[in-house]
Structure formats: structure tokens, C-alpha cells
Amino acid sequence: MTATPLLTLNNGVTLPALGFGVFQSAPDETVTAVETALATGYRHIDTAAVYFNEREVGEAIRRSGIDRSEVFIETKVWVSDYGYEQTLHAFDKSAGKLGVDQIDLLILHQPMPVAFERTIASYKALETLLADGKVRSIGVSNFTAEHLETLLDRTEIVPAVNQIELHPYFTQRDARHVATQHGILTQAWSPIGGVTFYPDTIGWGATNRTSTLTEPVILGIAEAHGKTAAQVMLAWHLHQGRSAIPKSVKPERIAENFDVFDIALSTDELSALDALDKGVRNGPAPEAVTPENSNWTIPEA
């Protein structure tokens, strides 16, 4: 078993660069998937309140027999729990379901620009939770460069992480640039472009998608290294100092996505992957997430 490289966040906390995601994993599949991931070697699990499987993530970690201190747990506050007091309570709900006293990384799931005052209030609650020792680090997700700059102007603590859609077809250069300027780690969801080939079940994403898995440039690099297209994309993220969160419930895919640390991509290969950027978002645009269309109730612990 190979250990995942560690990345150091701007407050000194370290996290495994390669995490395991459970977005769209049904509760009855999540325990087995997370147990498999932990047995494979993953030590960073990424979930969210709105995935409705935090309880199963916690159960899998306990069943694994791995000490809690060895597993980095990341979860997200959903927009229906935005607001200062609401976000303080959102921590209680997530921690209760996960079965932990402290969460390693707690982030806001969306910037929700149409109600950004609530977003700011929620982030200030994260600052309080950090000061109180209830979380080890705080961050955001799906923030653009503009959202990051506005947040930084109005809050005290620089986010440790911005988790965004990021794959060779959508590289978010502006958001990554602002993050680098302020010492914010960029973390990739859909790191192998899953959002480019999975159905858009919510109706927020792009249409006429083209799958990254059939991209000739990626397939050519994969063939040269004796690896798969997915493995090459994960190596691309790791080479460029990002955190990446692949997901699967299939044991063979879980193992495949972890077998990437021996891939040495050349400068030319990295540049070729960078050049694939289409500048087209496939997941929901930040402005598409509003209090009206995203008011899903997050159950109590």
C-alpha cells in the first residue's frame, strides 16, 4: 500500500492530496465503498450534508478499525443551512452523523451569489468553529475568483481550500490564480471529468457534453505510460500541486484511482493536458444555486 502525498494547508494542517468522494453514492452503497477505499489506502474522505450519506461515512470509518486520527474527514454546509446560527448548528448535525467531535475540514458548498450576505454570515460561523477547535480547517467550494476576492475583503481568515469543478476540459485558471495568490489550496471535484460523461440529473449543467475519457490527447499519454485516461488525469492534478477527489463505488475503480503515484508526466505532457481547456463549466453555475431552488432540508443528527 502506497501512502498518499500530503499537502500543507495555509494554517499548517496537512491533508492527503488524493481523497475519496461519495457524491451520488447511495447510503446503502456508501459504507462498503468507503471501507473499500480505506482498505485500499485512502485516508481522506470527502462528503457533504446534502449528499445525505455522512452517517454512512462515519460508520465505515469506525468499521475500518483505522484510528480516527489517521483519517482526514471533509464535509460541506449546504445553502439551506446558511446564516451564522444555522451554520453553527449545521456543524452539530454533520458531526453527529459522522460520529466525531471534530471535523478536519468544513467548507461552504456554494457561494450562492444571489444571497451572498448569508454566505458571508455562514463563513463567519466557520471562523467561530475554527476558533473553538470544533474544526481544524475551513474553506469554500465552487467559488469563482470574484467570489474569493469578495469573501477575503469581508472576513478574517483566509480559506484553506476552494473545491471546484476542475478537469482538463475546465481548468478554472482565474480561480486557481487568485487561490495561489492568497495561499488557498485548489481542490478538484470531478477531477477525471466525470461531470462530462455522467447524466445531468439536476438540470443545472451543460448540455452536449464531450467525455474526457475519449479525448485522444489523454488517451495517447495514457498509452505511453501504460495507464488509463483516469489515472493520467489524477496524476496531472497531483503533479500541479492540487488536491483531487475522485469517486466510485466499484472496487476496481477505487483501486485504479489510487494507483497513480508512480506516473511521471513530462513538462510537455502537462502542457498538452492544460491546453485541452474548453472554458465550459459542466456542473451548476454558482448563480444557478438559489435559496428557492436549493432549499433541501438537512436532517438532524
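The residue numbers shown here count from 1 along each chain, following its written sequence. Predicted model: local features are reported for residues with pLDDT of at least 70 only, side-chain atom pairs are reported and counted for 80 or more only, and whole-chain, interface and lining totals are derived from all residues. Derived side-chain values reflect all non-hydrogen atoms in the structure, with water molecules and hydrogen atoms excluded from consideration.

1. So, the overall build of the chain
Scanning the chain from terminus to terminus reveals 10 helices and 10 strands. Put simply, the radius of gyration uses C-alpha atoms, and a globule should come to 2.2 Å times the residue count raised to 0.38. On C-alpha atoms alone, the chain measures out to a radius of gyration of 18 Å, which is about the 19 Å that the 2.2 N^0.38 rule sets for 301 residues. Overall size of the chain, expressed as C-alpha extent along the three principal axes, is 55 × 45 × 35 Å. Sorting the 301 residues of the chain into buried and exposed places 56% on the buried side. Contacts between residues were defined by any pair of non-hydrogen atoms, one from each residue, lying within 4.5 Å. Of all intrachain contacts in the chain linking residues separated by at least 6 positions in sequence, the fraction that spans at least 24 positions is 75%. To be clear on the numbers: accessible area is Shrake-Rupley with a 1.4 Å probe, and residue cover counts the displayed protein chains and nothing else. By element, 50% of the accessible surface of the chain is carried by carbon and sulfur atoms, the whole surface being about 12300 Å². If the 23 positive side-chain charges of the chain are averaged to one point and the 38 negative ones to another, these points end up 2 Å apart. In this description a helix means any DSSP run of H or I spanning at least four residues, a strand means any run of E spanning at least two, and both kinds are numbered starting from the N terminus. Three labels apply to residues, based on accessible area from a 1.4 Å probe with only protein chains included: buried if under 20% of the type maximum, exposed if over 50%, partly exposed otherwise in between. Under the counting rule used here, the positive set is Lys and Arg, the negative set is Asp and Glu, and His together with the chain ends is not counted. Think of each charge as sitting on NZ of Lys, CZ of Arg, CG of Asp or CD of Glu.

2. Description of the packing of helix 5 (residues 145-154) against helix 6 (residues 173-182)
Interhelical geometry of helix 5 versus helix 6 gives an angle of 30° and a closest axis separation of 8 Å. Classified by the interaxial angle, the pair formed by helix 5 and helix 6 is roughly parallel. Facing Ala145, Leu148, Glu149 and Leu152 of helix 5, the residues of helix 6 in contact are Asp174, Ala175, Val178, Ala179, Gln181 and His182. Tallied by class, the residues present in the contact of helix 5 with helix 6 amount to six nonpolar, two polar and two charged. Geometry is summarised by axes, namely lines fitted to C-alpha atoms with helices restricted to the contacting stretch, and by angles between N-to-C directions that run from 0 to 180 degrees. Oblique is the label for every angle not falling under 35 degrees (roughly parallel), over 145 degrees (roughly antiparallel), or within 65 to 115 degrees (roughly perpendicular). Amino acid classes used here: Ala, Val, Leu, Ile, Met, Phe, Trp, Tyr, Cys and Pro are nonpolar; Asp, Glu, Lys and Arg are charged; the rest, including Gly, are polar.

3. Looking at the pairing of strand 6 (residues 105-108)
Burial along strand 6 is two-sided: the face carrying Leu105 and Ile107 and the face carrying Leu106 and Leu108 are both buried. As defined by bridge partners, strand 5 (residues 72-77) adjoins strand 6 across four bridges and the pair is classed as parallel. Of the residues in strand 6, the one forming a bridge with Glu74 is Leu105. A clockwise course of the path from the first strand over the helix to the second, judged with the strands pointing away from the viewer, identifies a crossover as right-handed. Note that the unit made of strand 5, helix 3 (residues 84-98) and strand 6 has a crossover that is right-handed. What joins strand 6 to strand 7 (residues 138-141) is helix 4 (residues 116-131), and the crossover it makes is right-handed. What makes two strands pair is DSSP finding at least two bridges between them.

4. A look at the packing of aromatic side chains
Paired rings are identified among Phe, Tyr and Trp, the last through its six-membered ring, by centres lying within 6.5 Å, and are further divided according to the angle between planes into stacked (under 30 degrees), edge-to-face (over 60) and tilted (the rest). Scanning the model with the defined rule gives six aromatic pairs in all. Summarising the aromatic geometry, the rings of Tyr42 and Phe258 are spaced 4.8 Å apart at their centres and angled 50° between planes, so their arrangement reads as tilted. Of this pair, Tyr42 sits in the loop between helix 1 (27-40) and strand 4 (44-46) while Phe258 sits in helix 9 (residues 251-258), and the two are 216 residues apart along the sequence. The buried category is assigned to Tyr42, whose relative accessible area is 0%. Assessed through its relative accessible area of 6%, Phe258 is described here as buried. Seen from their ring centres, Trp78 and Trp296 are 5.4 Å apart, and the 15° between their planes marks the pair as stacked.

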